[in-house]
Protein chains: 2
Amino acid sequence: MPTEDEPAAERISDAEHAVMEALWQRSPQSAAEVCDVVAGARGWSMPTVKTLLARLVAKGALATQPEGRRFLYTPLIERSAYLGTESRRLVDRLFGGRAAPLFAHLAENEQLTDDDIAEITRLLRELRK
Amino acid sequence: MPTEDEPAAERISDAEHAVMEALWQRSPQSAAEVCDVVAGARGWSMPTVKTLLARLVAKGALATQPEGRRFLYTPLIERSAYLGTESRRLVDRLFGGRAAPLFAHLAENEQLTDDDIAEITRLLRELRK
DNA sequence: TGGTTATGACTACACCTGTAGTCTGAACGC
DNA sequence: GCGTTCAGACTACAGGTGTAGTCATAACCA
């Protein structure tokens, strides 16, 4: 396959992730808008959010597009890709790279409704086909 | 309930986790023994492992017991508890606290053998009972 | 046209983490 | 008894992260 130069997924930190989440929800957004969303929820000041945005841009996780006097921010990496690398990280670190033990752990320790269970069971059945 | 003063699960870092893993495998062990196990695998020097051990003791994750001139280290927190908090963290951060979406994500994106699937399905069926 | 304001850029700083070096003291061999 | 050695304690230090303050500038309003 041709060397993909996908956004280089440069480790997104916890706080940064909150910002990404806001932009995955809706994008593009200005810094002020993102601020409205996350600053309240996490008790951050505007400068903090600005810093996080700047770092995400530096990491190649966000694209900027000038709009009048300010910037609009858009995610460059997809949420699903992020979920993928993060859950993979967990599986690698904690479960020797195999998803099955994590599955087992979750099944035993997390609250699953009957609906959840039915849904997952269905998913698995499809996989086996 | 009486204020439990359980080991205070003070966030174990990545490198520290490698040390814990060695001690979960077998304990108690001396620093030198732990070193033999992890230093090779991760390319760490003896002082590095010593530091990690000291930090883990400071965090209350390891107990020490003097044995002659040196210490023997024993985990104070259980591996399963650690797996629990870590996977919970992931679920909270990435999947809004619900395990089901993580399940779905794993089912769709991770390699599961037919045996894995059968096993998980069985687990789920038991849960539903 | 000049002051005000909003915005991004730059700077700051403490704490955590990964990684390692040095010091000190106790035990062990001769 | 005395030097050697080994273990733990203390120190170090760069890079990342969380959190925020300040500055420069461009746009807008009066």
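Residues numbered from 1 in each chain as written. Chains lettered and ligands numbered in written order. Predicted model: local features only at pLDDT ≥ 70, side-chain atom pairs only at ≥ 80, totals over all residues. Heavy atoms only, no water.

Near DNA strand C there are 16 residues, and of these B:S13, B:W44, B:T51, B:R55 and B:R69 occur at the shortest range. Of everything in DNA strand C that lies within 4 Å of the protein, sugar and phosphate atoms constitute 67%. At 3.1 Å from a base nitrogen of DNA strand C is found a side-chain nitrogen or oxygen belonging to A:K50. Here a phosphate oxygen of DNA strand C and a backbone polar atom of B:A15 are 3.0 Å apart. Mapped by element, the contributors of at least two residues to the surface near DNA strand C are α3 (46-58) and β3 (70-75) of chain A together with α1 (14-25) and α3 (46-58) of chain B. No other element matches the 4 residues that α3(B) contributes to the surface near DNA strand C. Per-class residue counts for the surface near DNA strand C are 5 nonpolar, 4 polar and 7 charged. (Near = heavy atom within 4 Å. Polar contact = N/O pair within 3.5 Å; in protein donor to acceptor, adjacent residues only side chain to side chain. Helix = DSSP H or I, 4+ residues; strand = E, 2+ residues; numbered from the N terminus. Nonpolar A, V, L, I, M, F, W, Y, C, P; charged D, E, K, R; others polar.)

Residues and elements named next belong to chain B. The pairing of strand β1 (residues 29-30) with strand β3 (residues 70-75) spans 2 bridges and is antiparallel. Following the sheet pairing, Q29 is matched in β3 by Y73. Where strand β2 (residues 62-67) folds back on β3, the antiparallel hairpin that results is connected by 2 residues, among which G68 adopts a positive phi of roughly 60°. (Pairing = 2+ DSSP bridges.)

Here we come to the protein's contact with DNA strand D. By nearness alone, 17 residues border DNA strand D, and A:S13, A:W44, A:T51, A:R55 and A:R69 come closest of all. If you look at DNA strand D and keep only atoms within 4 Å of the protein, 67% of those are sugar or phosphate atoms. Within the backbone of A:D14, a nitrogen or oxygen atom sits 3.3 Å from a phosphate oxygen of DNA strand D. One of the side-chain nitrogen or oxygen atoms of A:T51 is found 2.5 Å away from a base nitrogen of DNA strand D. Mapped onto the surface near DNA strand D, the elements with two or more residues apiece are α1 (14-25) and α3 of chain A together with α3 and β3 of chain B. Taken together, the residues of the surface near DNA strand D break down into 6 nonpolar, 4 polar and 7 charged.

Turning next to the relation of the copies chain A and chain B. Here chain A sits on chain B after a turn of 179° about the axis and a move of 0.0 Å along it, with an RMSD of 0.1 Å. Such values leave the two copies arranged in the relation of a two-fold axis. When C-alpha positions in chain A are compared against the rotation axis, the closest is assigned to A:T121, at 3.1 Å. Both copies share a contact surface, since 100% of the interface residues of chain A are interface residues in chain B too. (Least-squares fit on C-alpha atoms with pLDDT ≥ 70 in both. Contact = heavy atoms within 4.5 Å.)

Structurally, chain A comprises domain 1 (14-75) and domain 2 (79-128). Taking the mean C-alpha position of each, domain 1 of chain A and domain 2 of chain A sit 30 Å from one another. (Domains from an automatic or database assignment.)

All names here are of chain A. Applying the stated rule across the entire model yields 3 aromatic pairs over all chains. Residues W24 and Y82 carry aromatic rings whose centres are separated by 5.6 Å and whose planes lie at 40° to one another, so their mutual orientation is tilted. Within this pair, whereas W24 is found in helix α1, its partner Y82 is found in helix α4 (residues 79-95), the two being separated by 58 residues in sequence. Just as W24 is buried, Y82 falls in that class too. (Phe/Tyr/Trp six-rings, centres within 6.5 Å; stacked < 30°, edge-to-face > 60°. Buried < 20%, exposed > 50% of the residue type's maximum accessible area, 1.4 Å probe, protein only.)

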